[in-house]
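Results of the structural survey
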Amino acid sequence: MSLLIADSGSTKTDWALISNHSVKQYKTEGLNPYFHSSKSIEKVLKNDLKPDLEGKNVNHILFYGSGCDSEPKITSMTNILKRVFPGAEASVHEDLLGAARACCFDKPGIVCILGTGSNSCRYDGTRIVQQIPSLGFILGDEGSAGYFGQKLINHYYRNEIPSDLARKLEWYYDMDLDSIFDGIYNNDQSSRFVAFYSSFLGEHNDHHFIREMLCNGFENFISRIVLQYQDARSYKVNFIGSLGCAYQAILKELLTKHLLTPGVFIKSPMDRLVEFHNQ
C-alpha cells in the first residue's frame, strides 16, 4: 500500500510518497486550477512528477490544493489525477483542510494560510466548520505576499515611500509602469508576479516605513478576518506559509494585543501531514 500526498499552492506543490514505512518527497510547480488549465496540470504531472515515481506503485492519492474549493474544481482535479495515475484512488480537498490537519491534527483551532495568497478557517478537529472567504487576489487576500506586493507598488506610485527606500526598490526591481502592467494584465499568474515584489519587505523590515506597512497589513488580516470567527479568543490561532513564519514576531505581538492565543507557525505542512496520515 502506497500513499501519495500533495500540498499544492499557487507557487509550488510539495509531494510525499509513503510506502513501506519510508517517505520520499518531490516538488513541482503550483497546480491551482484557477490559474492552470486541465491540460497544463496534466502536463506537469506527466513530465515533472511521474518520471520521479517511475517503478513506484501509487495506490492512493490525497491532493490538498489551493483553488480546489468547489465541486467542479474538485471533480476536474480528481479526473486529471486518475488519468495520470490509472488504477489509483484519488481524493481531492482544498488546501485549508490540509493546513488544518497539519496545524491541529485532531484538536480544534483557527488556521491561517499566509503565502502567495491568504486563506483561513475554523476547524473543529475533524472538519472545517466556518470559513471567511479570502476573496482572492483582486478583492482580498489580506496579509499575503500578493497583498503586500500590491501595496508596495501602490505606495511607490503615490510617492508615499521614503526616497531612500524608493531608490533601493528601483535598484532591486523593474519599476517601469508599462512592465508592471504587462506583468499584471498579460500574465496568467498575475498574483505571483505581484507577490514577487513583497520579498523587498523582508530584506528591509528594519526600516520604520516597512515595519509600519507590515503591521498595518497583518492588523487588517487579524481584525477583519481572524476576529470574525465565532469565539475566536477560545482557540489557538495557527499559521502556515512562508509569510506567517517570516513575520511571526509581528503576528504574535498583534494576536496578543487582541487577546488572541498564538498557536504553531509552520512554513510547509508536508512533514506534519505525513505524520498525520501515518497515525
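A few points on the structure.

Cut-offs and rules
- Residues numbered from 1 in each chain as written.
- Predicted model: local features only at pLDDT ≥ 70, side-chain atom pairs only at ≥ 80, totals over all residues.
- Heavy atoms only, no water.
- Pairing = 2+ DSSP bridges.
- Helix = DSSP H or I, 4+ residues; strand = E, 2+ residues; numbered from the N terminus.
- Axes fitted to C-alpha atoms, helices over the stretch in contact; angles between N-to-C directions.
- Patch = residues over 30% accessible without salt bridge, like charges linked within 9 Å, V, L, I, M, F, W, Y side chains within 5 Å.
- Areas by Shrake-Rupley, 256 points an atom, 1.4 Å probe, with all protein chains shown as cover.
- Salt bridge = Lys/Arg side-chain N within 4 Å of Asp/Glu carboxyl O.
- Buried < 20%, exposed > 50% of the residue type's maximum accessible area, 1.4 Å probe, protein only.
- Contact = heavy atoms within 4.5 Å.

1. Observations regarding the sheet that holds strand E7 (residues 118–123)
The 5 strands are arranged E8-E7-E6-E9-E10 in an open sheet whose pairing can be described as mixed. One side of each edge strand has no neighbouring strand; the edge strands of this open sheet are strand E8 (128–130) and strand E10 (261–266). The sheet shows a mean angle of 35° between the axes of neighbouring strands, direction not considered. Sheet topology places strand E6 (residues 109–114) next to strand E9 (residues 236–240); 4 bridges connect them, and they run parallel. Looking at E9, one finds that Cys112 is bridged to Phe239.

2. A short note on a nonpolar patch on the surface
Nonpolar side chains collect at one region of the surface, where Leu177, Phe181 and Tyr185 lie side by side and expose about 330 Å² of accessible area between them. Its place among the elements puts Leu177 in helix H7 (residues 177–185). Given a relative accessible area of 34%, Leu177 falls into the partly exposed group.

3. Here's the deal with the pattern of salt bridges
Counted according to the given criterion, the structure contains 7 salt bridges. One salt bridge in this structure joins Glu253 and Arg211, with 3.4 Å as the shortest N-O distance. Remark: Arg211 occurs in helix H10 (residues 208–224) and Glu253 occurs in helix H12 (residues 248–257); sequence separation between them is 42 residues. Sharing partners across several salt bridges, the network here consists of Lys12, Asp14 and Lys27.

4. Quick look at the environment of Ile240
Here Ile240 is to be found in strand E9. Through-space distance from the C-alpha of Ile240 to that of Pro269 is 7.0 Å; in sequence the pair is 29 residues apart. The residues touching Ile240, leaving out its near neighbours within four places in the chain, are Ala99, Ala102, Cys103, Cys112, Ile113, Leu114, Ile266 and Pro269.

5. Some details on the sheet that holds strand E1 (residues 2–8)
Strand order in the open sheet formed by 5 strands is E3-E2-E1-E4-E5, with mixed pairing between adjacent strands. Edge positions in the sheet fall to strand E3 (22–29) and strand E5 (89–94), since each has one partner strand and no second. Sheet twist, expressed as the mean angle between neighbouring strand axes with direction ignored, is 15°. Here E1 pairs with strand E2 (residues 12–19) via 7 bridges, running antiparallel. Across the sheet, residue Leu3 finds its bridge partner in E2, namely Ile18. Those strands touched by helix H2 (residues 71–84) are strand E4 (60–65) and E5, and its axis lies near 145° from that of E5.

6. Some details on the pairing of E9
Looking down a regular strand, the side chains alternate between one sheet face and the other. When you tally the buried positions in E9, you get 4 out of 5 residues, the bulk of the element. Looking at chain direction, E9 and E10 are connected through 4 bridges and run parallel. If you follow Lys236 over to E10, its bridge partner there is Thr261.

7. Describing unusual backbone geometry
Phi at Asp231 is positive, roughly 55°, even though this residue is not glycine. The topology assignment puts Asp231 in the loop between H10 and E9. The class for Asp231 is partly exposed, based on a relative accessible area of 48%. Even without a glycine there, the phi angle at Leu259 is positive, about 60°. For Leu259, the position within the fold is in the loop between H12 and E10.

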